[in-house]
Amino acid sequence: MINIEKLRLDTPSCETVLHFNNAGSSLMPTPVFDALQRVLRDENELGGYEAERRAQDDIHAFYTEFAGLLNAEPDEIAFVENATRAWDMAFYGLHLRPGDRVITHGSEYASNYLALLQQSRRLGFEIDLVPSDASGQIDTQALDDMIGPRTKLIAITHVPTQGGLVNPAAEVGKIARKHDVLYLLDACQSVGQMDVNIAEIGCDILSGTGRKFLRGPRGTGFLYVRKSILDQIDPPFIDLLSAKWTEANSFEFADGAKRFENWESYVAGRVGLMEAVRYARNIGLANIEARVTELAQDLRAALSEIKGVSVHDLGRKKCGIVTFEKAGIAPKMIADTLRADRINVSVSPVTAARLDLEPRNLQALTRASVHYFNTHNEIDRFVHAVKQA
């Protein structure tokens, strides 16, 4: 059972701002902020290297906490500076060749699809788009049918940036295993608001961020790589942490997922993100998912009752992201108006989700994203503000 009052006390800014921008960057709880500040104070008072030595227990806990969160092994986890770079470190290291095929979906995150386009141009592989079913999620039967001998990778986004859709990641995993195809999952919008279990999903690679639903600091991310496929990836760049210089003309990769890390990193951020994971695990991801789902359902229902407002979330299963538009008012103007009333939302433009929004004739959507510390009173206030916009 979630103690909302305590969690809101741990988030003092709840008293001054209505934060429905958790899919952009959530509010850090006080224990996370304190962990971050502790390392920064040590850096200021002792020096950066000395502060890192003092933080060794927390740095080690980063791997064990994430392993517990995702149901993985600690040596399958890497700290990376953001979700996009985590995804890149795995994807750009894959041995894709001319004639190979990579399958993705129209909900794919813009940065990922740009990387697919760039590498397709460089390496000569083909990009296949799996169609959506009637609900807007990945059509898993179509996915199963379109995999052929040249299909080397399935790369999809669990929850897209521009809506509440939750793609059927575990069903995709079963299909990937059936055909022995690598499976890369972008989970930057799902980890922290949903119970994401690597064993159940069956992905080989998973990337994510700290700043969104995990409520960690900006400039932090993580990467999971299954131990059994490590040797199928050649990290696009290495340094003295990710590899060992064994002789003048030879080297060895670091063991496990550390081969995807950099020696220089945001130590305070890493400790803060570790604390954010610990905080979420103490609440319970199943509890978080249930709370977020309920709040988002109520928000969609209330927005749908406003004259001129249309909600645009796809999928059979929906999460804490709610996207909508109001007739005659640009989403940016709605966001600016709400911000003036100390209500935080984002705007999802077509350039961030061209494969999804363009076919639906949508140029932009207002994006409201709730978290477990939000309340029904805040939903009422938000809906009233949208009515007045």
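Please read all numbers here as calculations on a predicted model, not as lab measurements.

Q: An account of the sheet that holds strand β3 (residues 101-105) is requested, with residue identities and associated values reported.
A: Pairing in this open sheet of seven strands is mixed, and the strands run β2-β8-β7-β6-β5-β3-β4 from one edge to the other. Of all the strands in the sheet, the pair left with one neighbour each is β2 (77-80) and β4 (126-130). Between one strand axis and the next, the sheet turns through 20° on average, direction left out of account. In terms of strand pairing, β2 meets strand β8 (residues 221-225) through four bridges, oriented antiparallel. What sits directly across from Ile77, in β8, is Tyr224. The sheet strands contacting helix α5 (residues 83-91) are β2, β5 (151-157), β6 (182-186), β7 (205-209) and β8, and the helix crosses β7 at an angle near 160°.

Q: Give me the lowdown on the packing of aromatic side chains, citing residues and values where you can.
A: In total, this model carries twelve aromatic pairs according to the counting rule given. With a centroid separation of 4.9 Å and 55° between ring planes, the pair formed by Phe62 and Phe66 is classed as tilted. One end of the pair is Phe62 and the other is Phe66, both in helix α4 (residues 56-70) and four residues apart, which spans about a single turn. What makes Phe62 buried here is its relative accessible area of 0%. Residue class for Phe66 comes out buried when judged on its relative accessible area of 0%. Between Phe91 and Tyr92 the ring centres are 5.5 Å apart and the planes differ by 80°, which places this aromatic pair in the edge-to-face class. Residue class for Phe91 comes out buried when judged on its relative accessible area of 1%.

Q: Could you give me a rundown of the pattern of salt bridges, with the residues and numbers involved?
A: Within this structure, the stated rule accounts for 23 salt bridges. Across the salt bridge formed by Glu378 and Arg8, the nearest N and O atoms sit 3.4 Å from each other. Taken as a pair, Glu378 in helix α14 (residues 376-388) and Arg8 in helix α1 (residues 4-9) lie far apart in primary sequence, 370 residues in all. No difference in accessibility class separates Glu378 from Arg8, as the two residues are buried. Residues Asp128 and Arg101 are paired through a salt bridge, measuring 2.7 Å at the closest nitrogen-oxygen approach. Here Arg101 lies in strand β3 and Asp128 lies in strand β4, a separation of 27 residues in the sequence.

Q: Can you explain the side chain of Arg259? Please cite residues and give values.
A: As for its placement among the helices and strands, Arg259 is situated in the loop between β10 (250-253) and α10 (267-283). Its relative accessible area of 8% is what places Arg259 among the buried residues. At 3.1 Å, the side chain of Arg259 forms a polar contact with the backbone oxygen of Ala254. Residues within four places of Arg259 in sequence aside, it is in contact with Leu230, Asp231, Pro235, Ser242, Phe253 and Ala254.

Q: Requested: an account of the layout of surface pockets, with residues and values cited.
A: By volume, the largest pocket amounts to about 330 Å³. In terms of lining, the largest pocket is formed by 18 residues, of which the most central are Lys152, Asp180, Val181, Leu182 and Gln232. Of all elements in the fold, only β5 and α8 (169-179) reach the threshold of two or more residues within the lining of the largest pocket. Split into classes, the residues belonging to the lining of the largest pocket amount to seven nonpolar, four polar and seven charged.

Q: Just give me the short version of the environment of Ala170, but keep the residues and values in it.
A: Of note, Ala170 is situated in helix α8. Its relative accessible area of 28% is what places Ala170 among the partly exposed residues. Between the C-alpha atoms of Ala170 and Ile201, which are 31 residues apart in sequence, the distance is 3.9 Å. Once you skip the residues sitting within four places of it in the chain, Ala170 turns out to touch Glu200 and Ile201.

Q: If you had to explain the pairing of strand β14 (residues 346-349) to someone new, which residues and values would you point to?
A: Side chains Ser346 and Ser348 of β14 all project onto a buried face; the interleaved residues Val347 and Pro349 project onto a face where none is buried. In terms of strand pairing, β14 meets strand β15 (residues 364-369) through four bridges, oriented antiparallel. Across the sheet, Ser348 pairs through a bridge with Leu365, a residue of β15.

Q: Outline the environment of Tyr372, listing residues and values.
A: Assignment of secondary structure puts Tyr372 in the loop between β15 and α14. Along the primary structure Tyr372 and Gly320 are separated by 52 residues, whereas in three dimensions their C-alpha atoms are 9.3 Å apart. Every residue in contact with Tyr372, bar those within four places of it in the chain, is listed here: Ile2, Ile4, Leu7, Arg215, Tyr279, Ile283, Ile288, Arg291 and Val292.

Parameters and conventions
- Residues numbered from 1 in each chain as written.
- Predicted model: local features only at pLDDT ≥ 70, side-chain atom pairs only at ≥ 80, totals over all residues.
- Heavy atoms only, no water.
- Pairing = 2+ DSSP bridges.
- Helix = DSSP H or I, 4+ residues; strand = E, 2+ residues; numbered from the N terminus.
- Axes fitted to C-alpha atoms, helices over the stretch in contact; angles between N-to-C directions.
- Contact = heavy atoms within 4.5 Å.
- Phe/Tyr/Trp six-rings, centres within 6.5 Å; stacked < 30°, edge-to-face > 60°.
- Buried < 20%, exposed > 50% of the residue type's maximum accessible area, 1.4 Å probe, protein only.
- Salt bridge = Lys/Arg side-chain N within 4 Å of Asp/Glu carboxyl O.
- Polar contact = N/O pair within 3.5 Å; in protein donor to acceptor, adjacent residues only side chain to side chain.
- 1 Å grid on protein atoms, 1.4 Å probe; cavity = no way out; pocket = protein on both sides within 12 Å on 5 of 7 lines; lining within 4 Å.
- Points joined across faces, edges and corners; volume = space filled by probe spheres on them.
- Nonpolar A, V, L, I, M, F, W, Y, C, P; charged D, E, K, R; others polar.

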